[in-house]
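Residue-level structure breakdown
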Amino acid sequence: MAIITVLLGSVREGRLGIRVAKAVVKRLESKGHKVNLLDPVVYTSLKTFQNRFNWMKEQPEELKAVQKILESSEGFVAVSPEYNYSFSAAIKTIIDIYLDEWKHKPFGLVSYSMGYYGGVRAVQELRQLTSNVGGVPIPSYVTVPAVHEALDEEGNFKQADSVASKSVDALSKELEWYATALSNQRKVDPLK
(Lines give C-alpha, C1' and ligand atoms only; values in the text may rest on other atoms or scores of the structure.)
Protein backbone atom coordinates (compact mmCIF):
# COMPACT_ATOMS: atom_id res chain seq x y z
CA MET A 1 0.00 0.00 0.00
CA ALA A 2 1.01 3.62 -0.46
CA ILE A 3 2.13 6.42 1.83
CA ILE A 4 -0.43 9.19 1.37
CA THR A 5 -0.38 12.67 2.90
CA VAL A 6 -3.64 14.56 3.35
CA LEU A 7 -3.21 18.34 3.18
CA LEU A 8 -5.92 20.21 5.10
CA GLY A 9 -6.55 23.68 3.74
CA SER A 10 -8.49 25.28 6.58
CA VAL A 11 -7.42 27.18 9.67
CA ARG A 12 -10.66 28.90 10.65
CA GLU A 13 -12.08 28.54 14.13
CA GLY A 14 -15.04 26.15 13.98
CA ARG A 15 -13.81 24.78 10.65
CA LEU A 16 -15.68 21.88 9.08
CA GLY A 17 -12.74 20.80 6.93
CA ILE A 18 -11.30 18.74 9.77
CA ARG A 19 -14.36 16.48 9.47
CA VAL A 20 -13.71 15.99 5.76
CA ALA A 21 -10.00 15.35 6.34
CA LYS A 22 -10.81 12.78 9.05
CA ALA A 23 -13.22 11.02 6.68
CA VAL A 24 -10.56 10.82 3.97
CA VAL A 25 -7.87 9.65 6.42
CA LYS A 26 -10.15 6.93 7.82
CA ARG A 27 -11.09 5.67 4.37
CA LEU A 28 -7.47 5.58 3.17
CA GLU A 29 -6.33 3.81 6.34
CA SER A 30 -9.14 1.26 5.97
CA LYS A 31 -7.67 0.39 2.56
CA GLY A 32 -4.27 -0.28 4.18
CA HIS A 33 -2.48 2.96 3.33
CA LYS A 34 -0.12 4.74 5.72
CA VAL A 35 -1.64 8.20 6.04
CA ASN A 36 -0.19 11.47 7.33
CA LEU A 37 -2.42 14.47 8.04
CA LEU A 38 -0.82 17.87 7.54
CA ASP A 39 -2.98 20.32 9.41
CA PRO A 40 -1.72 23.93 9.49
CA VAL A 41 -3.37 24.37 12.90
CA VAL A 42 -0.95 21.71 14.19
CA TYR A 43 2.00 22.56 11.93
CA THR A 44 1.83 26.31 12.50
CA SER A 45 4.81 27.06 10.22
CA LEU A 46 2.51 26.13 7.31
CA LYS A 47 0.19 29.07 8.05
CA THR A 48 2.24 31.79 6.39
CA PHE A 49 4.33 31.83 3.27
CA GLN A 50 7.73 33.44 3.75
CA ASN A 51 9.70 31.72 1.02
CA ARG A 52 10.04 28.39 -0.74
CA PHE A 53 11.52 25.84 1.63
CA ASN A 54 14.57 25.16 -0.57
CA TRP A 55 15.33 28.89 -0.82
CA MET A 56 15.30 29.55 2.93
CA LYS A 57 18.68 30.33 4.45
CA GLU A 58 17.47 29.08 7.83
CA GLN A 59 14.89 26.34 7.52
CA PRO A 60 12.63 25.98 10.58
CA GLU A 61 12.74 22.52 12.16
CA GLU A 62 9.00 22.09 11.74
CA LEU A 63 9.22 22.76 7.99
CA LYS A 64 12.12 20.30 7.77
CA ALA A 65 9.92 17.66 9.41
CA VAL A 66 7.08 18.42 6.98
CA GLN A 67 9.50 18.24 4.06
CA LYS A 68 10.52 14.73 5.10
CA ILE A 69 6.85 13.69 5.28
CA LEU A 70 6.17 15.09 1.82
CA GLU A 71 9.32 13.62 0.32
CA SER A 72 8.42 10.13 1.57
CA SER A 73 4.81 10.42 0.37
CA GLU A 74 3.75 8.55 -2.75
CA GLY A 75 0.60 10.61 -3.19
CA PHE A 76 -1.43 13.44 -1.76
CA VAL A 77 -5.01 14.42 -1.09
CA ALA A 78 -5.69 18.16 -0.97
CA VAL A 79 -8.78 19.01 1.11
CA SER A 80 -10.02 22.56 0.65
CA PRO A 81 -13.14 24.59 1.22
CA GLU A 82 -14.36 26.75 -1.62
CA TYR A 83 -13.79 30.43 -0.89
CA ASN A 84 -14.83 33.02 -3.48
CA TYR A 85 -15.05 30.46 -6.30
CA SER A 86 -11.60 29.02 -5.60
CA PHE A 87 -9.53 27.06 -3.05
CA SER A 88 -8.41 28.42 0.31
CA ALA A 89 -5.32 30.48 0.99
CA ALA A 90 -4.28 27.83 3.53
CA ILE A 91 -3.98 25.07 0.91
CA LYS A 92 -2.19 27.44 -1.47
CA THR A 93 0.33 28.32 1.25
CA ILE A 94 1.13 24.66 1.97
CA ILE A 95 1.66 23.95 -1.72
CA ASP A 96 3.69 27.13 -2.31
CA ILE A 97 6.20 26.48 0.48
CA TYR A 98 7.42 23.30 -1.23
CA LEU A 99 8.03 22.43 -4.87
CA ASP A 100 10.16 19.37 -5.68
CA GLU A 101 8.19 17.28 -3.17
CA TRP A 102 5.11 17.34 -5.43
CA LYS A 103 6.82 16.36 -8.69
CA HIS A 104 5.39 13.35 -10.49
CA LYS A 105 3.16 12.37 -7.58
CA PRO A 106 -0.61 12.01 -7.76
CA PHE A 107 -3.04 14.41 -6.15
CA GLY A 108 -6.55 13.46 -5.13
CA LEU A 109 -8.70 16.57 -4.81
CA VAL A 110 -11.46 17.03 -2.25
CA SER A 111 -13.59 20.11 -1.71
CA TYR A 112 -16.48 20.98 0.51
CA SER A 113 -18.92 23.77 1.21
CA MET A 114 -22.10 24.43 3.07
CA GLY A 115 -23.79 24.95 -0.29
CA TYR A 116 -25.30 22.66 -2.86
CA TYR A 117 -22.25 22.18 -5.13
CA GLY A 118 -19.73 21.09 -2.50
CA GLY A 119 -16.95 23.39 -3.64
CA VAL A 120 -16.59 21.99 -7.15
CA ARG A 121 -14.96 25.24 -8.34
CA ALA A 122 -12.19 24.75 -5.75
CA VAL A 123 -11.43 21.36 -7.35
CA GLN A 124 -11.25 22.93 -10.81
CA GLU A 125 -8.75 25.53 -9.59
CA LEU A 126 -6.74 22.96 -7.61
CA ARG A 127 -6.30 20.84 -10.77
CA GLN A 128 -4.46 23.70 -12.39
CA LEU A 129 -2.36 24.53 -9.32
CA THR A 130 -1.28 20.94 -8.58
CA SER A 131 -0.43 20.36 -12.22
CA ASN A 132 1.59 23.58 -12.39
CA VAL A 133 3.81 22.50 -9.47
CA GLY A 134 4.53 19.16 -11.15
CA GLY A 135 1.89 17.04 -9.45
CA VAL A 136 -0.52 14.75 -11.29
CA PRO A 137 -4.15 15.49 -10.41
CA ILE A 138 -6.12 12.27 -10.82
CA PRO A 139 -9.47 12.21 -12.67
CA SER A 140 -11.56 11.21 -9.63
CA TYR A 141 -12.45 13.93 -7.15
CA VAL A 142 -14.76 14.43 -4.20
CA THR A 143 -17.14 17.26 -3.41
CA VAL A 144 -19.01 17.35 -0.14
CA PRO A 145 -22.09 19.58 -0.34
CA ALA A 146 -23.85 20.68 2.86
CA VAL A 147 -20.75 19.58 4.76
CA HIS A 148 -22.28 20.67 8.06
CA GLU A 149 -25.01 18.07 7.55
CA ALA A 150 -23.01 15.36 5.73
CA LEU A 151 -20.40 14.46 8.37
CA ASP A 152 -20.28 14.18 12.13
CA GLU A 153 -17.40 15.66 14.15
CA GLU A 154 -15.39 12.43 13.91
CA GLY A 155 -15.48 12.39 10.12
CA ASN A 156 -18.18 9.75 9.68
CA PHE A 157 -20.63 10.23 6.83
CA LYS A 158 -24.14 10.39 8.23
CA GLN A 159 -25.36 8.55 5.13
CA ALA A 160 -22.85 5.81 4.32
CA ASP A 161 -24.26 5.42 0.81
CA SER A 162 -24.13 9.13 -0.05
CA VAL A 163 -22.54 10.24 -3.31
CA ALA A 164 -19.73 11.95 -1.38
CA SER A 165 -18.99 8.81 0.64
CA LYS A 166 -18.90 6.66 -2.50
CA SER A 167 -16.70 9.26 -4.19
CA VAL A 168 -14.12 8.93 -1.40
CA ASP A 169 -13.94 5.19 -2.16
CA ALA A 170 -13.47 5.83 -5.88
CA LEU A 171 -10.80 8.46 -5.19
CA SER A 172 -8.97 6.10 -2.83
CA LYS A 173 -8.89 3.32 -5.40
CA GLU A 174 -7.72 5.56 -8.22
CA LEU A 175 -5.16 7.34 -6.04
CA GLU A 176 -3.65 3.98 -5.12
CA TRP A 177 -3.39 3.04 -8.81
CA TYR A 178 -1.66 6.31 -9.72
CA ALA A 179 0.59 6.22 -6.63
CA THR A 180 1.79 2.72 -7.54
CA ALA A 181 2.28 3.49 -11.23
CA LEU A 182 4.07 6.80 -10.69
CA SER A 183 6.19 5.45 -7.83
CA ASN A 184 7.36 2.58 -10.04
CA GLN A 185 8.13 4.96 -12.90
CA ARG A 186 10.05 7.38 -10.62
CA LYS A 187 12.29 4.45 -9.65
CA VAL A 188 12.97 3.59 -13.31
CA ASP A 189 13.30 7.16 -14.59
CA PRO A 190 13.27 9.86 -11.87
CA LEU A 191 13.16 12.74 -14.41
CA LYS A 192 15.32 15.04 -12.27
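Residues numbered from 1 in each chain as written. Predicted model: local features only at pLDDT ≥ 70, side-chain atom pairs only at ≥ 80, totals over all residues. Heavy atoms only, no water.

**Observations concerning the sheet that holds strand E2 (residues 34–38)**
- Reading across from one edge, E2-E1-E3-E4-E5 is the order of the five strands in this open sheet, with parallel pairing throughout. One side of each edge strand has no neighbouring strand; the edge strands of this open sheet are E2 and strand E5 (136–144). Averaged over neighbouring strand pairs, the angle between their axes works out to 20 degrees when direction is ignored.
- As paired elements, strand E1 (residues 3–8) and strand E3 (residues 75–81) share five bridges and run parallel to each other. Of the residues in E3, the one forming a bridge with leucine 8 is valine 79.
- Strand contacts of helix H6 (residues 163–188): E1, E3, strand E4 (106–112) and E5, with the helix running at about 165 degrees to E5, the strand carrying the most contacts. (Pairing = 2+ DSSP bridges. Helix = DSSP H or I, 4+ residues; strand = E, 2+ residues; numbered from the N terminus. Axes fitted to C-alpha atoms, helices over the stretch in contact; angles between N-to-C directions. Contact = heavy atoms within 4.5 Å.)

**A few points about the side chain of asparagine 36**
- Tracing the backbone shows asparagine 36 in strand E2.
- A polar contact of 3.3 Å, which involves the side chain of asparagine 36, links it to the side chain of threonine 5. (Polar contact = N/O pair within 3.5 Å; in protein donor to acceptor, adjacent residues only side chain to side chain.)

**Details of the pairing of E4**
- Burial runs high along E4: seven of the seven residues are buried.
- Along E4, one buried face is formed by Pro106, Gly108, Val110 and Tyr112 and the opposite face, lined by Phe107, Leu109 and Ser111, is buried too.
- Two elements, E3 and E4, share six bridges in a ladder whose sense is parallel. Paired with phenylalanine 76 across the two strands is phenylalanine 107, which belongs to E4.
- Once you follow E3 into helix H3 (residues 89–97) and on to E4, the crossover reads as right-handed.
- Looking at chain direction, E4 and E5 are connected through six bridges and run parallel. Looking across to E5, one finds that phenylalanine 107 is bridged to proline 137. (Buried < 20%, exposed > 50% of the residue type's maximum accessible area, 1.4 Å probe, protein only. Right-handed = clockwise from strand over helix to strand, strands pointing away.)

**Overview of the packing of helix H1 (residues 17–30) against H6**
- Contact pair H1 / H6: the axes reach a minimum separation of 10 Å and the direction vectors enclose 50 degrees. When the axis of H1 is compared with that of H6, the two are oblique. Considering how the two elements wind past one another, H1 and H6 form a crossing that is right-handed. Residues Val24, Arg27 and Leu28 of H1 pack against Ser165, Val168, Asp169, Ser172 and Leu175 of H6.
- Tallied by class, residues from the contact of H1 with H6 come to four nonpolar, two polar and two charged. (Parallel < 35°, antiparallel > 145°, perpendicular 65-115°, else oblique. Left-handed = near helix turned anticlockwise from the far one by under 90°. Nonpolar A, V, L, I, M, F, W, Y, C, P; charged D, E, K, R; others polar.)

**Let's talk about the packing of H3 against helix H4 (residues 120–132)**
- Here H3 crosses H4 at 10 degrees, and the two axes come no closer than 11 Å. In terms of their interaxial angle, H3 and H4 are classed as roughly parallel. Contact with H3, carried on its side by Ile91, Lys92 and Ile95, involves Leu126, Leu129 and Thr130 of H4 and no other residues of that element.
- Per-class residue counts for the contact of H3 with H4 are four nonpolar, one polar and one charged.

**Regarding the environment of tryptophan 102**
- Along the chain, the position of tryptophan 102 falls in the loop between H3 and E4.
- Assessed through its relative accessible area of 0%, tryptophan 102 is described here as buried.
- Dropping the residues within four chain positions of it, tryptophan 102 is found in contact with Leu7, Leu70, Phe76, Ile94, Ile95, Phe107, Val133, Gly134 and Gly135.
- Within the structure, tryptophan 102 has its side chain in polar contact with the backbone oxygen of isoleucine 95 (distance 3.1 Å).

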